[in-house]
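Topology and contacts: notes
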Amino acid sequence: YRKDTPHDIAAYNLRLMLEETVWYVDDYINEMEGEYEQTDPMTMTECAASAQECLSGRVRAEANCAGNIDEATALHVAEVIDNRFLKPSRPLREIETPIFRAMKIPTAEEAVKIFGPQVDRNVPLVFQELSFVESEENSAIELHLQVGCDSTLGYRGVAIFDLISHLAYTSAYNQLRTQEQLGYTVGAYARKSTGNSWGLSVIVQSSVASPTKLEERSFEWLRLFRRELEDMSEETLASEANAVVAQLLERETKLSQEVGQTWGEIVLTLELPRSLRTPAFDRVERIAQELAVNADSVSTLKKDLLEMFDTYLSDQSPERRVLSARIYSRDLEAEFLENKGKPGVISSYDEILPVKHYLSTWPLVPYWTASTDTDWS
């Protein structure tokens, strides 16, 4: 992990901030090689017992049978699972089902209440780290702007954000890589975190600019991107939306892909209560339906798209929630140390948990079961 590329480490560090409960790599190492290694070492017997407990303790099973298998054989498979795993164990009660929540990044005003009036309102929360590799010449950022969660977005909101991120990738690449030549690794994409939160992530890895400079240029690109969206003709927007629709509805060519897609819908429901656990196998089709536009509806789509941008991504919005994960190359250590200790700047894993105690989490209800009051139409 510590020898990964800077942008990979930034992505990992962002996850540490976005998820409510997550182990750091050192937590795993300490279990195996920490202070208790001599007095209470982890053994293979202990690992085997833990694995056995997972399969025969409290268990709930989900199955997906597909391909060259008939109903009778599928029922036989279910019977085998029932006899070998479920009957010898006790059922996993709903209250015992692990729940993973996503942290709500603070707005500028919320950050002031947490860190004080000196916090940087443009980037109120930062997790910075110095590269572990002394010869590393690159720095990197992942700038994450949260746009909400399944529950607040609904089908329409998720579809519009999918279109925004589709347009953002090309725009960011053209501006930050081709025009400004900040680095070879540049991109903007939709990132969904464990706990059903969504955000636009801007990634830049560079050997010619510091993380703070990369943030500055990324924010300037966002302003440019907003103007591009405003100036985009309805014909071009309709074409881009239809391209996303075609991508969403592209048929799988392999059985493994088809099964993987179906199983993925089942997995999305595993931590939900029984009343919400029906998979939405038509989820992708419904998202595509929201983006299927014609000459009469494209103007509404553009209005909704700009409204979402102005609500969550604009630097003029009081609702904007921004988190930056910075990785500094060793030759920028002085800047790293200068920022260390500033309000809203986290410089070690040990500083993360206290900050999370100030933050709330997003609702877990998935968008295919949620009703949202946000009028994206």
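The structure we're discussing is the one just above.
No experiment lies behind these values; they were computed from the predicted model shown. (Residues numbered from 1 in each chain as written. Predicted model: local features only at pLDDT ≥ 70, side-chain atom pairs only at ≥ 80, totals over all residues. Heavy atoms only, no water.)

1. A word on the sheet that holds strand β5 (residues 185–193)
Reading across from one edge, β5-β6-β4-β7-β3-β8 is the order of the 6 strands in this open sheet, with mixed pairing throughout. Each edge of the open sheet carries a strand with a single partner, namely β5 and β8 (345–346). Where strand β4 (residues 139–149) meets strand β7 (residues 321–328), 7 bridges bridge the pair, whose relative direction is antiparallel. Note that in β7 the partner of Ile141 across the bridge is Arg326. Against the sheet, helix α1 (residues 6–18) makes contact with β3 (125–130), β4, β5, β6 (197–206), β7 and β8, and its axis sits at roughly 35 degrees relative to β4, the strand it touches most. (Pairing = 2+ DSSP bridges. Helix = DSSP H or I, 4+ residues; strand = E, 2+ residues; numbered from the N terminus. Contact = heavy atoms within 4.5 Å. Axes fitted to C-alpha atoms, helices over the stretch in contact; angles between N-to-C directions.)

2. Quick look at the pattern of salt bridges
Overall, the coordinates contain 21 salt bridges when judged by the stated rule. Note that Arg191 is salt-bridged to Glu142, the shortest N-O span being 3.0 Å. A residue pair is termed long-range when its members are at least 10 positions apart, and Arg191 in strand β5 and Glu142 in strand β4 qualify at 49 residues. Between Arg283 and Glu265 there is a salt bridge; the shortest N-O distance is 2.7 Å. (Salt bridge = Lys/Arg side-chain N within 4 Å of Asp/Glu carboxyl O.)

3. Focus: the pairing of β7
Here β7 lies mainly inside the structure; 8 of its 8 residues are buried. Relative to β7, β3 runs parallel, the two sharing 6 bridges. Pairing of Glu129 across the sheet is with Ile327, part of β7. (Buried < 20%, exposed > 50% of the residue type's maximum accessible area, 1.4 Å probe, protein only.)

4. Some points on the nonpolar core
Within the largest apolar cluster, 55 residues are counted, with the highest numbers of intra-cluster contacts made by Leu163, Trp221 and Leu305. The set of elements that each furnish at least two residues to this core consists of β4, α6 (150–179), β5, β6, α7 (211–231), α8 (234–248), α10 (283–291) and α11 (298–312). Per element, the largest residue contribution to this core is 12 residues, and it comes from α6. Contacts of Trp221, omitting those with residues within four sequence positions, involve Ala168, Ser171, Ala172, Gln175, Leu176, Ala188 and Val202. Membership of the second largest hydrophobic core comes to 21 residues, among which are Ala10, Leu323, Ala325 and Ile346. (Core = buried A, V, L, I, M, F, W, Y, C linked by side-chain atoms within 4.5 Å.)

5. Thoughts on the packing of α8 against α11
As a packed pair, α8 and α11 sit with axes 10 Å apart at the nearest point and diverge in direction by 80 degrees. When the axes of α8 and α11 are compared, the pair comes out roughly perpendicular. Along the contact surface, α8 presents Glu234, Leu237, Ala238 and Ala241, while α11 presents Val298, Ser299, Leu301, Lys302 and Leu305. (Parallel < 35°, antiparallel > 145°, perpendicular 65-115°, else oblique.)

This is a description of form; function is not addressed.
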